[in-house]
Amino acid sequence: MNPSRIAPLALYQEVAERLRQRIFSHELKPGTWVDEQALADQYGISRTPLREALKVLASEGLVTLKPRRGCYVTEISERDLDEIFDIMALLEGQCARKTAELARAPDLESLTAIHARLEDAARNSDINGFFEANQAFHRTLQEISDNHWLLHVIEDLRKVIKLSRHHSLF
């Protein structure tokens with residue numbers, strides 16, 4: 001085997017990514033039952049890679065597997081959001097502190113440019129643009145903070161928040 005060749009994604013990973021995007025876009029709405037057979041037929045795959053993909057999404061908190069009842073897109077309650085935002089405030093505060101210590105001129109220029117995009121999107125009521133710029137701003141802060149563990153935990157929580165956050169901006 002050629003060590004420089006890039007291995008293709010496993011089928012279940014591709015299926016997980018497609019389902020993740022459908023969940024984030026609210027094509028698969030919170031609380032919706034996931035019809036495994038219909039999805040397998042739609043994607044032209046067996047149920048095995050679909051079930052593996054659903055396990056991945058369950059580990060990310062995006063779907064809930066209920067024994068003998070199937071799989072459902074996770075619904076986030078107000079309490080869940082309050083608790084998650086409390087944790088995010090602590091984690092992002094730490095990110096901001098580390099970024100303030102480590103940021104160099106090019107980092108600050110990048111943040112300033114992203115912030116300008118945020119302001120433009122807000123001024124023009126561009127919800128999608130605002131959401132994307134906001135994500136980019138926070139991601140850049142996290143990258144500058146240079147703590148991959150912090151980045152990983154925040155990204156996991158962001159996936160769960162995405163179940164409601166983008167929709168709430170509308």
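Before any of the text, the structure's been laid out above.
To start, this report covers the structure provided alongside it.

About the criteria used
Residues numbered from 1 in each chain as written. Predicted model: local features only at pLDDT ≥ 70, side-chain atom pairs only at ≥ 80, totals over all residues. Heavy atoms only, no water. Helix = DSSP H or I, 4+ residues; strand = E, 2+ residues; numbered from the N terminus. Buried < 20%, exposed > 50% of the residue type's maximum accessible area, 1.4 Å probe, protein only. Contact = heavy atoms within 4.5 Å. Areas by Shrake-Rupley, 256 points an atom, 1.4 Å probe, with all protein chains shown as cover. Pairing = 2+ DSSP bridges. Core = buried A, V, L, I, M, F, W, Y, C linked by side-chain atoms within 4.5 Å. Axes fitted to C-alpha atoms, helices over the stretch in contact; angles between N-to-C directions. Parallel < 35°, antiparallel > 145°, perpendicular 65-115°, else oblique. Left-handed = near helix turned anticlockwise from the far one by under 90°. Nonpolar A, V, L, I, M, F, W, Y, C, P; charged D, E, K, R; others polar. Phe/Tyr/Trp six-rings, centres within 6.5 Å; stacked < 30°, edge-to-face > 60°. Lys NZ or Arg CZ within 6 Å of the ring centre and 35° of its normal.

1. Observations concerning the overall build of the chain
Along its length, the chain carries 8 helices and 3 strands. The principal-axis extent of the C-alpha atoms belonging to the chain is close to 50 × 50 × 30 Å. Counting every position in the chain, which comprises 170 residues, the buried fraction comes to 35%. Intrachain contacts of the chain at a sequence separation of at least 6 include 66% that bridge at least 24 residues. A total of about 10700 Å² of accessible surface is found on the chain, and carbon and sulfur atoms cover 54% of it.

2. Points about the sheet that holds strand β2 (residues 63-66)
With antiparallel pairing, 3 strands are arranged side by side in an open sheet as β1-β3-β2. In the strand order of this sheet, the two ends are held by β1 (33-34) and β2, each with one partner. Here β2 pairs with strand β3 (residues 70-73) via 4 bridges, running antiparallel. Bridge pairing links Leu65 to Cys71 in β3.

3. Examining the nonpolar core
Within the largest apolar cluster, 20 residues are counted, with the highest numbers of intra-cluster contacts made by Val15, Leu19, Ile23, Leu50, Leu54 and Leu57. Broken down by secondary-structure element, the contributors of at least two residues to this core are α1 (11-24), α2 (36-43), α3 (47-59) and β3. Ranked by residues supplied to this core, first place goes to α1 with 5 residues.

4. Digging into unusual backbone geometry
A positive phi angle, near 65°, is found at His26, a position not held by glycine. Among the structural elements, His26 can be located in the loop between α1 and β1. On the basis of relative accessibility, which here comes to 15%, the residue His26 falls in the buried class. Even without glycine at this site, Arg68 takes up a positive phi of about 60°. Structurally, Arg68 is set in the loop between β2 and β3.

5. So, the packing of helix α5 (residues 105-123) against helix α6 (residues 127-145)
Closest axis-to-axis distance for the α5/α6 pair is 8 Å, and the angle between their directions is 160°. Considering their axes alone, α5 and α6 lie roughly antiparallel with respect to each other. Crossing of α5 against α6: the hand is left-handed. Judged by residue contacts, Asp107, Ser110, Leu111, Ile114, His115, Arg117, Leu118, Ala121 and Ala122 of α5 engage Gly129, Phe130, Glu132, Ala133, Asn134, Ala136, Phe137, Thr140, Leu141 and Ile144 from α6. A class-by-class count of the residues in the contact of α5 with α6 yields 11 nonpolar, 5 polar and 3 charged.

6. Focus on the packing of aromatic side chains
Taken as a whole and judged by the stated rule, the model has 0 aromatic pairs. In this structure, Arg18 packs its charged tip against the face of Tyr43, placed 5.6 Å from the ring centre. For the cation-ring pair, Lys162 lies above Phe24, with the distance from its terminal atom to the ring centre recorded as 4.4 Å.

The values are spatial; any link to function lies outside them.
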